[in-house]
Amino acid sequence: MATLTEETHDSQPPMPDLLPTLIQWATDRSLIRAILLTSTRAIPHAPVDILSDYDVILVVQDIHPFVTDRIWLNDFGDVLVVYWDPIHPNPAFGIDQCGNVTQYTDGLKIDFTLWPVDLFQQVVAAPVLDAELDAGYRVLLDKDHLTDTMQAPTFTAYVPKPPSLTAYQTTVNDFLSDAPYVAKCLWRDELFPAKWCLDYDMKHIYLRQVLEWRIGVDYGWSVAVGSLGKGLKKRLPPDIWAQVEQTFAGSEIADHWMALENTMALFRQVASEVGKHLGYAYPDELHQHVSAYVEQIKTRVK
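Notes on the structure follow. Here the structure is a predicted model, which is why all the values come from computation and not from measurement. (Residues numbered from 1 in each chain as written. Predicted model: local features only at pLDDT ≥ 70, side-chain atom pairs only at ≥ 80, totals over all residues. Heavy atoms only, no water.)

## So, the side chain of His256
Here His256 is to be found in helix 9 (residues 253-278). At 3.1 Å, the side chain of His256 forms a polar contact with the side chain of Lys195. In this structure, His256 is in contact with Leu186, Leu191, Lys195, Leu198, Ala249, Gly250 and Ser251, ignoring residues within four places of it in sequence. (Helix = DSSP H or I, 4+ residues; strand = E, 2+ residues; numbered from the N terminus. Polar contact = N/O pair within 3.5 Å; in protein donor to acceptor, adjacent residues only side chain to side chain. Contact = heavy atoms within 4.5 Å.)

Here it is as structure tokens:
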């Protein structure tokens, strides 16, 4: 069966490659001094489909003209909607930067990062390559040889690393500390806070972390998982992924009680397996106490 890739999808024509257009566009604009491509499209052998973003760093003399007059975004197609970051200091170097995420009507999506030249020069001179760049980059244009001394990417920036004992224990403790709050909200029939804590805190922050550690164990801490759990289904054993699916629920409160129970059970299973591999003990007694408390809240008569 054909998949939704630029090479094999046969029900929709492939999207034209943006890179020649982007390079020519930047060549004609004196404010732009360099362009780098990052993320998936810059990583060798990474899966790319027709909806894959172009993540582009524009190294410019001054970011403000690009923020003030935003008509330049229309040079790449009909804009559907745009999200803009406010201008803010780069966390590492304190120099103002900005960016946007631009969705076009034809399916093209470009994430533009705007870096002034002086910020980029400090990034290049730093002893450790910026994580976004270390995950993979391609120099598309460099008018001033700004990238001549850049370190080559190692493609390992977002590969999970074994947690320390403290990090492991903190993750487990913080996960379990959320369960009583979810139970209280479900008992009160307060769906919004219950879902926020269950789906974001317990699943996206803590369960996803131990699932990524499990992938690290299985693959020898050598593969990246992707942001927001994008690569979990591909990398996890099918039986664990089936359990992940059971941690999601619809709108009924009863469904969320079951999702909470399934989330706690899966977390315990995977965290215990990771802990055993690393020589860390999972706090089974604490987990049992928290589970009993959650059950007590669930069965308490209002």
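## Focus: the pairing of strand 6 (residues 109-116)
A large share of strand 6 lies buried, amounting to 6 of its 8 residues. Alignment of strand 2 (residues 54-60) against strand 6, held across 7 bridges, turns out to be parallel. Counterpart to Tyr54 in the pairing with strand 6 is Ile110. In this structure, strand 5 (residues 96-104) lies alongside strand 6, joined through 6 bridges in antiparallel fashion. Across the sheet, residue Val101 finds its bridge partner in strand 6, namely Asp111. Between strand 5 and strand 6, which pair antiparallel one after the other, the connecting turn spans 4 residues, and Gly107 there sits at a positive phi close to 105°. (Buried < 20%, exposed > 50% of the residue type's maximum accessible area, 1.4 Å probe, protein only. Pairing = 2+ DSSP bridges.)

## Re the environment of Asp189
Summarising the element assignment, Asp189 is placed in the loop between helix 5 (165-187) and helix 6 (191-218). With 96 residues separating them in the primary sequence, Asp189 and Phe93 have C-alpha atoms 46 Å apart.

## Remarks on the packing of aromatic side chains
Pairs of aromatic rings are described using the distance from one ring centre to the other and the angle between the two planes. Applying the stated rule across the entire model yields 11 aromatic pairs. Through a chain of ring-to-ring contacts, three or more aromatic side chains come together here, namely Trp25, Phe66, Trp72, Phe76 and Phe112. Sitting above the plane of the Phe248 ring, Lys203 keeps its charged end 4.7 Å from the centroid. (Phe/Tyr/Trp six-rings, centres within 6.5 Å; stacked < 30°, edge-to-face > 60°. Lys NZ or Arg CZ within 6 Å of the ring centre and 35° of its normal.)

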